[in-house]
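Spelled out from the first residue to the last, the chains are:
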Amino acid sequence: MPNSTVAEGFVPWPAGFAERYRAAGHWRGVPLGGLLREAAGAHGERIAVADEHSRWSFTALDDAADRTAAGLRSLGVAPGDRVVVHLPNRTEFAVLCFALFRLGALPVLALPAHGRTEIRYLSELSGAVAYVGTGGARAPDGPPVTEGLREACPSVRHLVTVGEAGPGEVPFGSLTAHEPLAGPDPDPSGPALLLLSGGSTGLPKLIPRTHDDYAYNARTMAAWCGLTPDDTYLAVLPVGHNFPLACPGLLGAVVAGSRTVLTEVASPPEVFPLIERERVTVTALVPPLAALWTKAAAWVPADLGSLRLVQVGGARLPEATARALPGALGCGLQQVFGMAEGLLCATRADDPPEVVATTQGRPVSPDDEILVVGEDGAPVPDGTTGELLTRGPYTLRGYYRAEAHNAVAFTPDGHYRSGDLVRRTAAGDLVVEGRVKEQINRGGEKVSPEEVETHLLSHPAVDAVVVVGVPDDVLGERVCAWVRPAPGADPAALTAPVLADHLRAAGLAAFKRPDQVETAGGWPVTGVGKVDRRALTARGAERSRTTHRPHQPPSKAERRSPA
Ligand code: OOB
């Protein structure tokens, strides 16, 4: 029986827009499972996905998806149900997601780094009926991920395990032992999956992506990157993230008949030999990884000659890295400014090198509408920085089950307020200049200050806390916690490792742990009485300069500062 709650939490495009996107050929009415079916027809025995454990042809993946869909159905997973997918970069991720697409159930895409807290939150928010992971007892760090999940979140009826299943867990492999599912296709205009947002304020939200819009997303990016069946795409970023999943990523590769290699390693000594062995042609990186690979090319012995395109996105790419990367890795660079909410901007292979080095490109669809507006909400001229608002054929019209938030996150005419500050050049390319949203971008990983603050507040020695992002040479930004010690607590005991342990025990992802901790008796407030986060960011940067360079005499400004 279809689960009506999916539709209840989903905001569709107004009918006029939907008609326009169909008429333009953007929305083809083919569900995501159908993309794999088409690829199996066209590319049959060619390899579709591979990792160090297994390789699947398009035909074999297509068949496994049908069988796994039947296996999930036999567990009681029904069309419209949500299933938390918490898997590393392994081929099982592809088998499972296509099985869920076939069934019309929705993957809720968690990241491998997520811990018990995030998994519970996502399960509750989505009302998930099942969780698929690599075994609750094998949390990389922190408490077992699935410990108490079913009790805390009674909608979760099944724990499915890739690898060795523990007591009460269903082995993933047993799901494929079923006869292929023969059922009706899901409605292509309905939601197909739920992506996790970085969060503009408060806790991360769920982003519904429909079959139609996500297929268009993947197809458009595959074309933008010129993917063909001769390409091999390397998924090195966590494939549950929109960038390596569909920009063009795994889905774009399936659409184009390219091969996807999934890997759990990212460090040059491990991944460069893999690129050589698999003859990888295209991959996607975040800026810190792009900088590391660029430097490592000089000292890691491997033939990277197969690489033709490296996409970099998720956070601001320093210009120096953008200029050095093509020469060092011997390939083209594409800057990508994207968001799980939809809009994708990217540079193109035929752009002048200057544009590729200094801009984040332009929207990839002719029907992406963008507005750059000032504080008064009115559009600003090209060359002036303002907030980016957008709507289009693959940009959401509302977060899932978030009515109150949607009222502020969207304009009345349906533009999504990205929270990003951009400038449009005369040629129409966008340059990301900053943001207005309260979010920390730690090397592409998004951290909600409020979420970290909530967890730090539960530490007995913490009386009050404010979390900000401080500029960092390697990460772009690091997580800095300003802590006011509780009365009687020893400020010297409130170190980064101590707070990290607290967050680890709470089951929060490692990338949210403060890299820097500063103590203070209070903080500056703005004219309207709110915490002055900008001042705390500046102070955090200043403090780290003074504490991390003990051998340098303090500058005049530092000597004057009371910090
Ligand atoms: C990608 O998606 P999300 O949802 O993790 O994060 C989106 C946010 C953007 O709103 C922006 O604040 C930031 O990440 N961002 C960039 C950027 N690309 C993303 N900031 C500066 N420069 C860039 N190139 O991060 C994402 C999704 C699809 C493709 C690529 C990245």
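In this text, all values refer to a predicted model and were calculated from it rather than measured experimentally.

K.L.:
So what's going on with the sheet that holds strand 24 (residues 476-485)? Residues and values would help.
P.N.:
Spatial ordering of the open sheet is given by 23-24-25, a layout of three strands whose pairing is mixed. Looking at which strands have only one partner, the edges of the open sheet turn out to be strand 23 (462-472) and strand 25 (516-519). The mean angle between the axes of side-by-side strands here comes to 25 degrees, regardless of whether they run parallel or antiparallel. Across four bridges, the pairing between strand 24 and strand 25 is parallel. For A481, the partnering residue across the bridge sits in strand 25 and is V517.

K.L.:
Please give an account of the sheet that holds strand 20 (residues 430-435) that cites residues and values.
P.N.:
On the basis of which strands lie adjacent, the open sheet formed by four strands has the order 17-18-19-20 and antiparallel pairing. Of all the strands in the sheet, the pair left with one neighbour each is strand 17 (369-373) and strand 20. Each adjacent strand pair in this sheet contributes to an overall mean axis angle of 45 degrees, direction not counted. Pairing between strand 19 (residues 416-424) and strand 20: five bridges, direction antiparallel. Directly across from L421, in strand 20, lies its bridge partner G434.

K.L.:
Explain the domain arrangement of the chain to me, using residue names and the numbers behind them.
P.N.:
Along its sequence, the chain is carved into domain 1 (27-213), domain 2 (265-435) and domain 3 (441-559). Computed over C-alpha atoms only, the centres of domain 2 and domain 3 are separated by 28 Å. On the side of domain 3, seven residues touch domain 2, which itself brings five residues to the contact. Each partner contributes to the roughly 440 Å² buried at the junction of domain 2 and domain 3, and carbon and sulfur atoms together form 48% of this total. It is P288, G314 and R435 in domain 2 that bury the most area against domain 3; as a group they hold 73% of the surface buried on that side. For E477, the salt bridge goes to R435, with nearest N and O atoms at 2.8 Å. Counting the contacts that link domain 2 with domain 3 gives three residue pairs in polar contact (both at pLDDT 80 or more). Classifying every residue of the side of domain 2 that touches domain 3 by side-chain character gives three nonpolar, one polar and one charged.

K.L.:
How would you explain the site of the ligand if you had to name every residue and give the values?
P.N.:
Neighbouring residues of the ligand: 19 residues in total, closest H241, V336, A340, D420 and K437. For the ligand, an oxygen atom lies 2.9 Å from a polar atom in the side chain of H241. Taking A340, its main chain carries an N or O atom lying 2.9 Å from an oxygen atom of the ligand. Burial of the ligand by the protein chains amounts to 96% of its free accessible area of 600 Å². Counting only elements with at least two residues in the shell around the ligand, the list comes to helix 10 (242-246) and strand 14 (332-339). Class assignment of the residues belonging to the shell around the ligand gives a composition of nine nonpolar, six polar and four charged.

So, how was this worked out
All residue numbers here refer to positions counted from 1 along the written sequence of the relevant chain. Reporting of local features is limited, given that this is a predicted model, to residues whose pLDDT is at least 70; pairs of side-chain atoms are given and counted only at 80 or more, and all residues count toward the totals for whole chains, interfaces and linings. Based on all heavy atoms of the structure, the side-chain values leave hydrogens and waters out of the count. Two strands are said to pair when DSSP picks up at least two bridges between them. Secondary structure counts use DSSP, requiring at least four H or I residues in a row for a helix and at least two E residues in a row for a strand, with both numbered from the N terminus. All axes are obtained by fitting lines to C-alpha atoms, using only the stretch in contact for helices, and the reported angles, taken between N-to-C directions, cover 0 to 180 degrees. Each domain span listed reflects an automatic or database assignment of domains. In this analysis, two residues are considered to be in contact whenever any of their non-hydrogen atoms come within 4.5 Å of each other. Buried area: the sum, over both parts, of the accessible surface (1.4 Å probe) that disappears when the two are put together. What makes a salt bridge here is a side-chain nitrogen of Lys or Arg within 4 Å of a carboxyl oxygen of Asp or Glu, nothing more. The term polar contact refers here to a pair of N or O atoms within 3.5 Å; inside protein, the definition further demands a hydrogen-donor-capable atom paired with an acceptor-capable atom, and it admits residues adjacent in sequence only when both atoms are side-chain atoms. Residue type decides the class: Asp, Glu, Lys and Arg count as charged, Ala, Val, Leu, Ile, Met, Phe, Trp, Tyr, Cys and Pro as nonpolar, and the leftover types, Gly among them, as polar. Whether a residue is near a molecule or strand is decided by its heavy atoms; if any one of them lies within 4 Å of it, the residue is near. Only the protein chains shown count as cover for residues, and the accessible areas themselves come from Shrake-Rupley with a 1.4 Å probe.

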